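A look at the structure
One letter stands for each residue in the lines below.
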Amino acid sequence: MASTNWNTEDAPGQDVRAAIPEDFRLESGQRLAAAEIVGRLHGPDHGPLVVIAGGISSDRFAARWWSFAVRHGGPVDLDRVRVLAFNLLPGRDDPGVTLTTTDQARLLAILLNRLDLARIDAFVGASYGGCIGLAFAAAFPERIGELAVISAAHRAHPATTARRGVQRRLLAFARDCGREAEGIALARELAMTTYRTAEEFALRFASTPPAGAGDPYPVCDYLIARGAAYAGATSADRWITLSDSLDRHSVPPEAVRCPLTVIGFTSDGLAPIGDSRELAARAPNLRRLVEAPSIFGHDAFLKERELIGRALHDFLSPLTLLQTREIAA
């Protein structure tokens, strides 16, 4: 039914591939250059199926980029649940397109169809992945059991769009000037200032002036290193597409009818806690709203391991408890 590709990672997985139909069109009317969507399955063949999706830099290797959560014995316990993660489209080498979170949800549905899976038991989405989860729940209400959304909401905040808009213009300028890698590095530096908080920077970095004007301060050295590490990770066109997709995201909370858990952080500058509260207040089937402080801002879903771990454990426990009862019976 699906191709396989085993490796030696701590949580071995199985790659799954689904051809994108010839007549598939994005909501913009455009076509993707990619011919397939690629996912990866972890965990027991007959466990409850949980889809995991993360930020725009995430991929199908959820056991790597979210290793504290998706692991054997972890909050998303690979001994108890079956996990499906997938590569976001467009690919790194594809030309830019206009794409929505609903388009990503439709692509996930193609992958589920290829696997002959009519329904998923749960969807856990963080950042952009949370937006996709909301879009999936609204577009395919019959195909989802429960949804947990972390550091994401039903819409893009205008202040967040403003910041991402500067990044997109920087990326386009560098691409058009033939200095794409430098533009990606600079855009990543700018992005890091929005992922984290002023409080964290104050704790980590001294304000010691450099020798001359234009030389980097200690905090700049950190940002430069993060930008350089990311320069080869994506293309300008792909980043522009996915960044724009975040700002086009809009799902009426009332359309999300499955049981919903919302997890937000009061310091998140990209997905403000007010939007998380509004999502929770308007959702027709709210299971739980979890909000907490964090010096890590938007990156709290990656850094606040204890809190996220407890929340995911509580979210998934009913699934694994039901599975245990079914096995005992």
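Anything mentioned here points back to the structure above.
Here's what I pulled together on the structure shown here. (Residues numbered from 1 in each chain as written. Predicted model: local features only at pLDDT ≥ 70, side-chain atom pairs only at ≥ 80, totals over all residues. Heavy atoms only, no water.)

1. Observations concerning the pairing of strand 9 (residues 260-265)
With six of six residues buried, strand 9 is to be regarded as a mostly interior element. Both strand 8 (residues 144-150) and strand 9 contribute to a ladder of four bridges, which runs parallel. Within strand 9, the position partnered with Ile 150 by the bridge is Ile 263. Where strand 9 meets strand 10 (residues 286-292), six bridges bridge the pair, whose relative direction is parallel. Looking at strand 10, one finds that Thr 261 is bridged to Arg 288. Each parallel crossover has a hand, and the one from strand 9 via helix 9 (residues 273-282) to strand 10 is right-handed. (Buried < 20%, exposed > 50% of the residue type's maximum accessible area, 1.4 Å probe, protein only. Helix = DSSP H or I, 4+ residues; strand = E, 2+ residues; numbered from the N terminus. Pairing = 2+ DSSP bridges. Right-handed = clockwise from strand over helix to strand, strands pointing away.)

2. Quick notes on the layout of surface pockets
Of the voids in this model, the largest pocket is the one considered here, and its volume is about 770 Å³. Lining the largest pocket are 39 residues, with Ser 57, Arg 188, Tyr 195, Asp 299 and Leu 302 positioned closest to its centre. Listed by contribution, the elements that provide at least two residues to the lining of the largest pocket are helix 3 (128-139), helix 4 (158-176), helix 5 (180-195), helix 7 (218-230), helix 8 (236-248) and helix 10 (300-303). The dominant element in the lining of the largest pocket, judged by the number of residues it contributes, is helix 5, at five residues. Split into classes, the residues belonging to the lining of the largest pocket amount to 19 nonpolar, 12 polar and eight charged. Here the second largest pocket is characterised by a volume of approximately 260 Å³. Looking at side-chain class alone, the lining of the second largest pocket contains five nonpolar, five polar and three charged residues. (1 Å grid on protein atoms, 1.4 Å probe; cavity = no way out; pocket = protein on both sides within 12 Å on 5 of 7 lines; lining within 4 Å. Points joined across faces, edges and corners; volume = space filled by probe spheres on them. Nonpolar A, V, L, I, M, F, W, Y, C, P; charged D, E, K, R; others polar.)

3. With respect to the nonpolar core
Leu 32, Leu 84, Phe 86, Phe 123, Phe 136 and Leu 147 are the most contacted members of the largest nonpolar core, which has 68 residues in total. Discounting residues that sit within four places of it in the chain, Phe 123 has contacts with Val 51, Ala 53, Leu 108, Gly 129, Ile 132, Gly 133, Phe 136, Ile 144, Glu 146, Leu 147, Ala 148 and Phe 315. Counting residues in hydrophobic clusters, the runner-up holds 32 residues, among them Ala 62, Leu 78, Val 81 and Val 124. (Core = buried A, V, L, I, M, F, W, Y, C linked by side-chain atoms within 4.5 Å. Contact = heavy atoms within 4.5 Å.)

Keep in mind these values describe shape, not function.
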